[in-house]
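Residue-level listing of the chains:
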Amino acid sequence: MRPNLVTKELNLTLPPLNIDISSGQAEALPAVGTLYIVATPIGNLSDLSPRGRAILAEVDLIAAEDTRHSSGLLQHFGIHAQMVALHEHNETQQSVQLISQLQAGKRIALISDAGTPAISDPGSRLVALAHTHHVPVVTIPGPSALTAALSISGLSALPVHFHGFMPPKAKARRQTLEPLVHSHGTLVFYEAPHRIEEMVEDLVAIFPASRALIICRELTKRFESVHRCTLAGVKTWFAGDPDRLRGEFVLVLEGAAENERTDPLIEGRRVLEILLASSLSISEAARAAAKITGANRSDLYHWALQKHGPTDDSENAS
Ligand code: SAM
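Now for a quick tour of the structure. (Residues numbered from 1 in each chain as written. Predicted model: local features only at pLDDT ≥ 70, side-chain atom pairs only at ≥ 80, totals over all residues. Heavy atoms only, no water.)

1. Structural notes on the overall build of the protein
Phase 1 of the analysis: Helix and strand content of the protein: 12 helices and 10 strands.
Phase 2 of the analysis: Across the protein, contacts joining residues at least 24 apart in sequence account for 71% of those joining residues at least 6 apart.
Phase 3 of the analysis: Split by element, the accessible area of the protein, about 16,500 Å² in all, is 53% carbon and sulfur. (Helix = DSSP H or I, 4+ residues; strand = E, 2+ residues; numbered from the N terminus. Contact = heavy atoms within 4.5 Å. Areas by Shrake-Rupley, 256 points an atom, 1.4 Å probe, with all protein chains shown as cover.)

Here it is as structure tokens:
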């Protein structure tokens, strides 16, 4: 495993806190009654932006996903700020409290454990409430595992389908993944080490073996690794070293090629129309078209019924 030399050797000289940036919302110093959404490092502490650091040092209050976790970051930068917890279990109530403090003129920053808040992290409910109450919301952009992985994947980011974490239960995960087979956008998933094997098994079972997969692990950290393979080779690669299953993952999967893009429902409707032109009833044609194309029989049946009206046998057939 190649250690991340940047992390090991960087002796960072920190810039002064009061950075003068032109005007308006680009000011480093926080404005009264404003909510700052501050991105924090996804591993390498040097990735906190100077502006992010300045805002965190100057706000009246920091709302953090896990105050104990974030106190390490703040200590590292010599920031002594008051903190409150805002996590998935208290976001609704905590957001109401924070909005009244913002309305009273407090300057508040929101941070998550790592990366950009509200991206597979708490924060969107607070931001939505701030918008509703006309509280200014300002982004302090920076690291996110999503953009970091996508930018080094070599796959097109136009379009991209970001899915964050897949459902933990096998059936729900497969049901979520299956419709994505026909998507021509690059697919991005977050995954935790205890579920990476199951997730990879499902990707291999559902998607064509030729699809490129970029496995981004522990980005910006000491044991950072980026591996590019196809689904045909991914299980062999993981089997080659148990350490490859450790850490935090972003999986970037190539989208469908032109010839894989047919939506089964669209294809099912096309075949259904051909069969209906023969002597088949709606229910017979829907059953046959579903078998041929993999589209849902009931969807096809109801679509044909709406379009062509009931045939003799269709009334009891759904
Ligand atoms: N808000 C964060 C962001 O902007 O990236 C994501 C938070 S989400 C709860 C945590 C997941 O992001 C991890 O399970 C992993 O999938 C991904 N992740 C976070 N840091 C990572 C890193 N350094 N390398 C690879 N993936 C990472």
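Moving on from the coordinates now.
2. Concerning the site of the ligand
Phase 1 of the analysis: With respect to spatial proximity, 19 residues lie near the ligand, and among them I119, D121, A145, L219 and F249 are the closest.
Phase 2 of the analysis: Separating a nitrogen atom of the ligand from a backbone N or O atom of L219 is a distance of 2.8 Å.
Phase 3 of the analysis: In the model, an oxygen atom of the ligand is placed 2.6 Å from a nitrogen or oxygen of the F249 main chain.
Phase 4 of the analysis: The fraction of the free accessible surface of the ligand (570 Å²) that becomes covered by protein chains is 92%.
Phase 5 of the analysis: The residue makeup of the shell around the ligand includes at least three contributed by each of domain 1 (34–143) and domain 2 (146–253). (Near = heavy atom within 4 Å. Polar contact = N/O pair within 3.5 Å; in protein donor to acceptor, adjacent residues only side chain to side chain. Domains from an automatic or database assignment.)

3. Some points on the pairing of strand β1 (residues 35–38)
Phase 1 of the analysis: A two-sided burial pattern is seen for β1, the buried positions comprising L35 and I37 on one face and Y36 and V38 on the other.
Phase 2 of the analysis: In the sheet, β1 pairs with strand β4 (residues 108–111) via three bridges, with the strands oriented parallel. In the strand pairing of β4, L35 is matched with I108.
Phase 3 of the analysis: Here four bridges tie β1 to strand β5 (residues 137–140), and the two strands are oriented parallel to one another. Looking across to β5, one finds that Y36 is bridged to V138. (Buried < 20%, exposed > 50% of the residue type's maximum accessible area, 1.4 Å probe, protein only. Pairing = 2+ DSSP bridges.)

4. Quick word on the sheet that holds β4
Phase 1 of the analysis: Pairing is parallel in the open sheet, where five strands are placed in the order β3-β2-β4-β1-β5. If you trace the sheet from one side to the other, it starts and ends with β3 (83–85) and β5, each paired once. Mean inter-strand twist for the sheet, computed between neighbouring axes without regard to direction, equals 25°.
Phase 2 of the analysis: In the packing of helix α2 (residues 50–58) onto the sheet, contacts are made with β1, β2 (61–64), β4 and β5, and the angle to β5 comes to roughly 135°. (Axes fitted to C-alpha atoms, helices over the stretch in contact; angles between N-to-C directions.)

5. Considerations on the packing of helix α4 (residues 91–103) against helix α5 (residues 124–132)
Phase 1 of the analysis: Contact geometry of α4 with α5 gives a least axis separation of 9 Å together with a crossing angle of 40°. As α4 packs across α5, the resulting crossing turns out to be right-handed. Contacts between α4 and α5 involve E91, T92, S95, V96, L98 and I99 from the former and S124, R125, L126, L129 and A130 from the latter.
Phase 2 of the analysis: A class-by-class count of the residues in the contact of α4 with α5 yields six nonpolar, three polar and two charged. (Left-handed = near helix turned anticlockwise from the far one by under 90°. Nonpolar A, V, L, I, M, F, W, Y, C, P; charged D, E, K, R; others polar.)

6. Considerations on the packing of aromatic side chains
Phase 1 of the analysis: Per the stated rule, a full pass over the model turns up four aromatic pairs.
Phase 2 of the analysis: Among the aromatic residues, those joined into a ring-pair cluster are F162, F165 and Y190. (Phe/Tyr/Trp six-rings, centres within 6.5 Å; stacked < 30°, edge-to-face > 60°.)

7. What about the pairing of strand β8 (residues 212–217)?
Phase 1 of the analysis: Extensive coverage of β8 is indicated by the burial of six of its six residues.
Phase 2 of the analysis: Of the pairings in the sheet, the one linking β8 to strand β9 (residues 225–230) comprises six bridges and is antiparallel in character. Its bridge partner lying in β9, R217 is registered against S225.
Phase 3 of the analysis: Note: β8 against strand β10 (residues 249–253), five bridges, orientation antiparallel. Looking at the pairing, L213 lines up with L253 of β10.

That is the geometry; function is a separate question.
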